[in-house]
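Descriptive analysis of the structure
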Amino acid sequence: MMKSKAVACPAAIRGLCCAACAAVVLLGVVGCGSREVASQENVDQIKQIRRQQQAKEAEEHKKDLAEKQKIKQQKDAAAERQRQEQLARQTQRAAPRRPSRPDDVRLWRKRDFRDARAQADPRLVQAVGFLGRDFVGKANAARLLGEILSPQLPGGGSMSTSRAASAYVRPGADAATDAIVLALIENDTTLAHGALEAVVTASTDGGSQSVAQRVLQRFAEAPDPRTEPLLVRALTQSYAAQPSATGRADARDRQQARLAETALAHGASESFREALAKYVVEAGTPLTLRSLYGGLLEEPRAENLPAQIVLYQSANYPEVSRVGLESQWAAYGSEAVRRTLGCPADVPNVQRPTRGGSSGRRAVAAQAAVADPLIVARVAKHLWSEPATAAIETRLYRAASLRQSASTVLLAGTIPKDSTRRRLHDALSRNWQDGPQPLRDAGLADTIACEPGVWLVLKSCRFAQAKNEGAKRSPSVGRPDKKDAAPSDPWHAAAGELLLATCRRLEKAAEQRRFLLAGGQASSTAAVPADFPLELHEQARLVGELHVAWPDDVADATSAGAPDHTRLWYAQFHETAVLDRVTAHYRRQMTSPRVHTGPQGVWLECLEPATDSRLVRSIDVVIQTTPSALAEPADGRQRLSIDVLTVEIRAPAG
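Residue positions are counted from 1 within each chain, in the order its sequence is given. Given that the model is predicted, a residue must reach a pLDDT of at least 70 before its local features are reported, and side-chain atom pairs must reach 80 or more before they are shown or counted; all residues, however, enter totals for whole chains, interfaces and linings. No hydrogens and no water enter the side-chain calculation; it runs on all heavy atoms of the structure.

1. Observations regarding the overall build of the chain
Our working definition: Numbered from the N terminus, helices here are DSSP runs of H or I no shorter than four residues, and strands are runs of E no shorter than two. Here's how the labels work: a residue is buried when its accessible area is under 20% of the maximum for its type, exposed when over 50%, partly exposed in between, all with a 1.4 Å probe on protein chains only. Here, residues are in contact when the closest pair of their heavy atoms is within 4.5 Å. Per-residue accessibility takes into account occlusion by the displayed protein chains alone, with areas from the Shrake-Rupley method and a 1.4 Å probe.
For the chain, the count of helices and strands is 26 helices and seven strands. Every one of the 654 residues in the chain was classed for burial, and the buried ones make up 45%. Within the chain, residue pairs in contact and separated by at least 24 positions form 68% of the contacts whose partners lie at least 6 positions apart. Accessible surface, the chain as shown: approximately 34,200 Å² in total, 52% of it carbon and sulfur.

2. Regarding unusual backbone geometry
Residue P551 is reached from W550 by a cis peptide bond, and omega for that bond is 5°. Residue placement: P551 occurs in the loop between β2 (542-550) and β3 (566-577). In the Ramachandran plot, D188 falls in the positive-phi region, its phi being about 55° despite a non-glycine side chain. Inspection of the secondary structure puts D188 in the loop between α9 (174-187) and α10 (190-202). A positive phi angle, close to 60°, is found at Q539, a residue other than glycine.

3. Digging into the pattern of salt bridges
The following threshold applies: By definition here, a salt bridge exists when the distance from a side-chain nitrogen of Lys or Arg to a carboxyl oxygen of Asp or Glu is within 4 Å.
Taken as a whole and judged by the stated rule, the model has 33 salt bridges. In this structure, D103 engages R123 in a salt bridge whose closest nitrogen and oxygen atoms are separated by 3.6 Å. In this pair, D103 sits in the loop between α4 (40-94) and α5 (110-118) while R123 sits in the loop between α5 and α6 (124-134), placing the two residues 20 residues apart along the sequence. Residue classification places R123 among the partly exposed positions, given a relative accessible area of 25%. Here E319 ties to R322 by a salt bridge, and the two come within 3.4 Å at their closest N and O atoms.

What follows is the structure, given as structure tokens:
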């Protein structure tokens, strides 16, 4: 019986495929073959087999469910796509078709402009150009231009489509934006200016700044009196309305400084520069902007003069920067004096200096002045005007030493104004003991061409100091001829240097004047004017002559700041004559002359009243012997070069 039961289910025992069969077989074997109870080991084996089978069935069921879910999702997605495609086809069939924009942009309608802007149509530039040229002064054109430039109109309107509005911040639309801005400028209506102002204001009120920045860039690259006020507003007033973190503020300041630099480099007007300077000296201006803008306005360019005067007058302007400006202005004034007298200028060849180098900045300023055809008018309008001269004269009044105030004194020496001459006389008299070396070091005589009145101011100070010190004066006319030796006073040597430098400049001016009068041909013909203050010596051979009458001679060029009364007569002679006879001839015509002798000749000088009691006249005669390889004549004659200089101004003292 036990054998037959074991054979009945052999697969269950060998393969263990069915847990239930295996259990029955084991129980049958145990029950039939033996009364012993199955061991615990067999029970555990059965349980383990059962657990493995259940896990396998669960895994297979899970996979089956996942596969079914995936198939369902694919079917749903395909159905959705089909539904969307069908809906799109129905919408396309139902929507009216818009005609394409005409090829001729002159036929475009408002909708065409808007769509072209939204779609970045390259023809928009041409279309906007047509709109700007042919509709100047038309409010409707300005309104349309404002719409396609910015989604927000000055009057509060907005674009008709969100698609077009989103196109305004699209990168690469600079050409279209430039064309629209230019068309608005040309339109020149209140609405056009309002549209531009609205865009600029958007950058200060938290709006989108992309178009606004491009508009400002366009303003800076092509300065125009109609748009400069908006650019000034963006560069100044915007900062009070834009508080931000320090890092962002610094980046914004640098960006605005680049805009200002671009505008200045492209010829922004003097009023623009002056407005920027007024912002620099305001108390609430950020220090970063004060430094950035101030550095741009301090550049040695004559166009910056109005702005620099604003900086110069400010009480909180740094002293070192003020001295730097004085050095630049002295170069401008020197060139204006040279050009007004007709003297050719020597152009220094220097590299551009670093900020703060006064001598280098003056050299660069001299180069700029020589290249500027309007330098005389600029200097007269600004440096010779009352605001600038008042500030300079205040500096002269406070001068405590010539060493500290050398730049101010030298600058004042280029201003042909009676009030400046009086202040200069006072400053020199107070600081006379400092000696002339600070002025020599600053460029007196060799670098700066002073205006003619400075020579008389210096002589007046020298004569007054000599009188106060009880210096011995030259013998009067009629006494035995006595030539004074050149004094050891350093001011005497400095005065001699200035006199000779002035005569050499006037000699070149006289030569150039003869050249121009001769129609571009070299000529030695010259004649002294009828009102020449001295009678010429016998057989005088005139080789150069110059007569200056200010302000009459320069009224056209300096109408805004003409020089005060100045008369100058200069004559040069080349002679072979007896030195003592020529000296005596001119000495007899001068009032109490001072006679200075040297190894190369004689210098006669005097101060005397002019025909008008309010005027004073300086007369100088320099007679120099000219070395020659030829033997001198036996009768005592020598080759002589004679310079006669006479300057007349209103009395600078007393």
